[in-house]
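# Examination of the molecular architecture
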Amino acid sequence: MTEQPDTFPRLLLHQARLRPARPAFREKDLGIWKTWSWAQVADEVRILACGLAAQGFQRGDRLAVIGDNRPRLYWAMMAAQALGGVPVPLYQDAVAAEMAFVLQDADIGFAVVEDQEQVDKLLEVLPQCPRLKRICFDDPRGLRHYGQAELTAFEDLQAAGRGFAQHNPDFFADELGKGRPSDVAVILYTSGTTGQPKGVSQTHAAMIQTARVLVAFDGFVEADEILCYLPMAWVGDFLYSYAQMHIAGFCLNCPESPDTVMTDLREIGPTYYFGPPRVYESILTQVMIRIEDAGWLKRRLFHAFMAVAKRVGIGILEGKPGIPLRDRLLYRLGEILVYGPLKNVLGMSRIRVAYTGGEAIGPDLFDFYRSIGINLKQLYGMTETCVTVCMHASGDVKLETVGPPMPGVEVRIADTGEVLVRSPGLMKEYHKRPDATREAIDAQGFFHTGDAGYFDSGGHLKIIDRAKDVGKLADGTLFAPKYLENKLKFFPYVKEAVCFGQGRDKVCAFINIDTAAIGNWAERRNLPYTGYADLASQPAVLDLIRECVEKANGDLAQDSTLANSQIRRFLVLHKELEADDGELTRTRKVRRRHIADKYAVLIDALYSDKTSCYVETQMRFEDGRSGTVSADLQIVEAKTFGAAAARKAA
Amino acid sequence: MTAGRKIGRPILEIDGVSLAFGGVVALQGVSFDVREHEIRAIIGPNGAGKSSMLNVINGVYHPQQGTVAFKGRRRRNVDPHEAAQQGIARTFQNIALFRGMTVLDNIMTGRNLKMKSNFLQQAVYWGAAKREELEHRAKVEAVIDFLEIQHIRKTPVGRLPYGLQKRVELARALAAEPELLLLDEPMAGMNLEEKQDMSRFVLDVNDQMGTSIVLIEHDMSVVMDLSDRVVVLDYGRKIADGTPDEVRNNRGVIDAYLGVAH
């Protein structure tokens, strides 16, 4: 065997030679799945690269890619890389002003975007981004009368590419030959819980090496299928979809629209699946709602067999010995009657490997999937390290940990408890931010993750929280807010929670209810309501949430180090936390400090002995206008448990 | 938005139409026209005769006096299915879909008039019937894509929220590939976001498919934004006709809406 291809464009041609007829991309369009083979994709990319070159795209230029996961957008990334350029995928739901920052920061001259929505945003910020010369759009709908000179239709770009390729037949191969593995392959902007986003420059070498490790780790082959539904701007999609397909030669399936993902999942039946915890959570919430609405027979069957799965399912998945024959038979029956059909409905029948990461997953949530036979595993990493710091190996999974370090990755715990990482997948630098790069990567080449964690006895890494967020209550006991929030968020009725307690005498919380789950609950009880704010203020709903909080408190009481951080008082917020209002990041993580500042009045009320508090908040509606909402919020006291009492109760 | 759109010759001409049910006069000598590629709104207070006017256009009611000419051909008493065959499709004020059928099947019914194979051939589903079905399905899928309802393709209509049902009804009308589309209060009962979506779809239909549209709507901001010309009815009479601006400043219209002593 000759030398392994060392850049993405060379890998593309390699796959096209190796398996020309195998599917590389699928997309559902007008109700029908369309397939492109590796050979076709290689050809499309060559044409596209020539088209970009004809428009003046130069080696080192940067190409913004904005839109939902579409084959043509992935090809645009491939084409840019083939020309020695750098693709910069942007979050498609970002507002124009957020895009302007990245467009300027990355000196973007070219953009390939999905549709009118994205074109409108780019045209809006065009005056602030003088370098942006060309905008190519995939879907021409609504763009017929746009006369701007910057705009090109995708078909026109292809036509230009065909012309260019005819006149310069060797151009593409020449450009490919100039690529080096140390070139930057992609710049990924981190959503950033604080401050402006930073561009993370990753080289071909880092991404390819990491992808090779991952493909070997779980044994991916060309027959694997993946549905890419997570934002293209996120490192996970680039690594798990884009980079790994180049190595393993499997097929990327693009959903018809963001709303059809559940149906598409079922039609494709992926073998490999990735999702942040919230995706697994929303799937489970939907399942639970539908089960509660089902007839009594189905409901009884479901609950009876889920109890069996809870008891022995995980043991069977992990091949543990000592499971009684009776339980094994019951589980098999359950597979036929409940788990199998359930997995089929969820599109998870064929899943070999499923991962979650980005945030801690609720233990019950994690166990639910594993108990019905889905090999769900956790991993740990960030954009700066090509994810891939720690991962669970199949058969060695613990819900509290993120697994042992991956081959080739060195992990060290600093004295402060912070996790430090050195690996081949480490970023080259933060784009144009030598100061931030120096701050993040120390002299020995270790990246400072900002997460607090420790190794357990089995060599697995356990992440507790962000290093800067782990704090102490006034009496010195440990306060890990994210851990508490995750505990609350496992309840299907709780959508989001924010806990406070740093330097205080007790822990208090803000809660967002899940409108879908509670709305359904209210309907079954014939409680009329108009919307989120109305639901959130109903006494019956507050009681329901109080029960959830008290259950969580009961759990916390079992653990002597955490017993003190039981939640004493809470309130249900009058509006949902929104990324548009700056309360969540684009990946929907809570921005605790921002929330604490914005709702200081409410926090003061929680820590006083008031029983209600009036609040007025600015919010932005989906159509871009803003307004104020106000409400008189009830503060609810929750029961707490003594460590001993809880043990007795349990 | 409408820069490239060419408004052409009149496609529908209403001339002196009067309609009475026994002693109740619904329309009294109403005349106006609708031009090719135009969005034409009919407004007026409750009971002004707006829906009756639509029913005259698509042949549900037959006027006692006056004529209706579609594409230059005068016609008096056509039936609704003849009107549909000529290229007039409509949606209803109170949604009229098959609630137990899926969205896809509902929209397929919009192709009914274009199907040539008989039910025996369709039952066998072979040869021409199969080819025809595939063709119709492709047309329907284009409409589904156009109105962005892929995610509910297989959902029974009865399970959908109101705003989406309205969109499905529009989809069924579009599946008939009409030249003239009659929309009876397409945005009634919708929230702001749903109204914005629907407005965009109406404009897109008009712009990309070149369909002429007659629209009844109560939300004045929608009417003023969408329509090229507005005709105002009150007690069955036409009291104004013109561009949104002209109509907005018309004394008679202001009186009809704010009310004066009769």
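Because the structure is predicted, anything quoted here is derived from the model rather than measured.

From N to C terminus, chain B includes 10 helices and 10 strands. Residues classed as buried in chain B amount to 39% of the 262 residues present. Sequence-distant contacts, at least 24 apart, represent 70% of the contacts inside chain B between residues at least 6 apart.

Residue and element names in this part refer to chain B. Pairing in this open sheet of 6 strands is mixed, and the strands run β6-β7-β8-β3-β9-β10 from one edge to the other. Either end of the sheet is taken by a strand with one partner, and the two such strands are β6 (88-91) and β10 (237-242). Direction aside, the axes of adjacent strands within the sheet are offset by 15° on average. Across 5 bridges, the pairing between strand β9 (residues 229-234) and β10 is antiparallel.

What follows deals with the domain arrangement of chain B. All names here are of chain B. Segmenting chain B into domains produces domain 1 (1-87 + 178-262) and domain 2 (101-176). For domain 1 and domain 2, the distance between their C-alpha centres works out to 27 Å. Taken together, the contact pairs 11 residues of domain 1 with 9 residues of domain 2. Going through the elements one at a time, α2 (80-86) and α7 (192-209) are the ones with two or more residues in the side of domain 1 that touches domain 2. Among the elements that make up the side of domain 1 that touches domain 2, the one with the highest residue count is α7 (4 residues). Taken together, the residues of the side of domain 1 that touches domain 2 sort by class into 8 nonpolar, 2 polar and 1 charged.

A word on the pairing of strand β2 (residues 24-35) of chain B. Residue and element names in this part refer to chain B. Note that strand β1 (residues 10-21) and β2 share 8 bridges and pair antiparallel. In the strand pairing of β2, I14 is matched with F32. Adjacent in sequence and paired antiparallel, β1 and β2 are bridged by 2 residues, among which G22 carries a positive phi angle near 55°.

Let us look at the environment of S37 of chain A. Note on placement: S37 of chain A falls in strand β2 (residues 32-37). For the pair S37 of chain A and K198 of chain A, spaced 161 residues apart in the sequence, the C-alpha separation amounts to 36 Å.

Right, let's get into the nonpolar core. Grouped burial of nonpolar side chains is what soluble globular proteins tend to show. Counting residues in hydrophobic clusters, the biggest one holds 189 residues, and the most contacted among them are A79, A111, A509 and I511 of chain A. When residues of this core are assigned to their parent elements, the largest contribution, 10 residues, is made by helix α2 (residues 38-54) of chain A. Those residues in contact with I511 of chain A that sit more than four places away from it in its chain are L488, V494, A497, I545, F570, V572 and L573 of chain A. F32, F70, A83 and V140 of chain B belong to the second-largest nonpolar core, a separate cluster that totals 67 residues.

Here the focus is the interface of chain B and chain A. Counting residues at the interface gives 14 residues for chain B and 12 residues for chain A. Among the elements of the structure, α5 (128-146) and α7 of chain B are those that each provide at least two residues to the side of chain B that touches chain A. For the side of chain B that touches chain A, the element with the most residues is α5 of chain B, which contributes 5 residues. Partitioned by chemical class, the residues of the side of chain B that touches chain A number 5 nonpolar, 4 polar and 5 charged.

Residues and elements named next belong to chain A. A sheet is described by the order of its strands in space; here 5 strands give the open sequence β23-β24-β25-β27-β26, paired in mixed fashion. Both outer strands of the open sheet, β23 (494-500) and β26 (612-620), are each paired with one neighbouring strand and no more. Each strand axis lies, on average, 30° off the axis of its neighbour in the sheet, ignoring direction. Note: strand β24 (residues 507-513) against strand β25 (residues 567-572), 5 bridges, orientation parallel. Bridge pairing in β25 links F510 to L571. Of the strands in this sheet, β23, β24, β25 and β27 (626-637) touch helix α19 (residues 539-558), which is tilted by about 150° from β25.

All names here are of chain A. Extensive coverage of strand β9 (residues 199-203) is indicated by the burial of 5 of its 5 residues. When strand β8 (residues 184-189) meets β9, the two strands line up antiparallel, connected through 5 bridges. Looking across to β9, one finds that V186 is bridged to Q202. Bridge count between β9 and strand β18 (residues 429-430): 2 bridges; the pairing is antiparallel. Along β18, the bridge assignment pairs V200 with Y430.

What counts, and at which threshold
- Residues numbered from 1 in each chain as written.
- Chains lettered and ligands numbered in written order.
- Predicted model: local features only at pLDDT ≥ 70, side-chain atom pairs only at ≥ 80, totals over all residues.
- Helix = DSSP H or I, 4+ residues; strand = E, 2+ residues; numbered from the N terminus.
- Buried ≥ 20, exposed ≤ 12 C-beta atoms within 10 Å, placed from the backbone.
- Contact = placed C-beta atoms within 7 Å.
- Pairing = 2+ DSSP bridges.
- Axes fitted to C-alpha atoms, helices over the stretch in contact; angles between N-to-C directions.
- Domains from an automatic or database assignment.
- Nonpolar A, V, L, I, M, F, W, Y, C, P; charged D, E, K, R; others polar.
- Core = buried A, V, L, I, M, F, W, Y, C linked by C-beta atoms within 7 Å.

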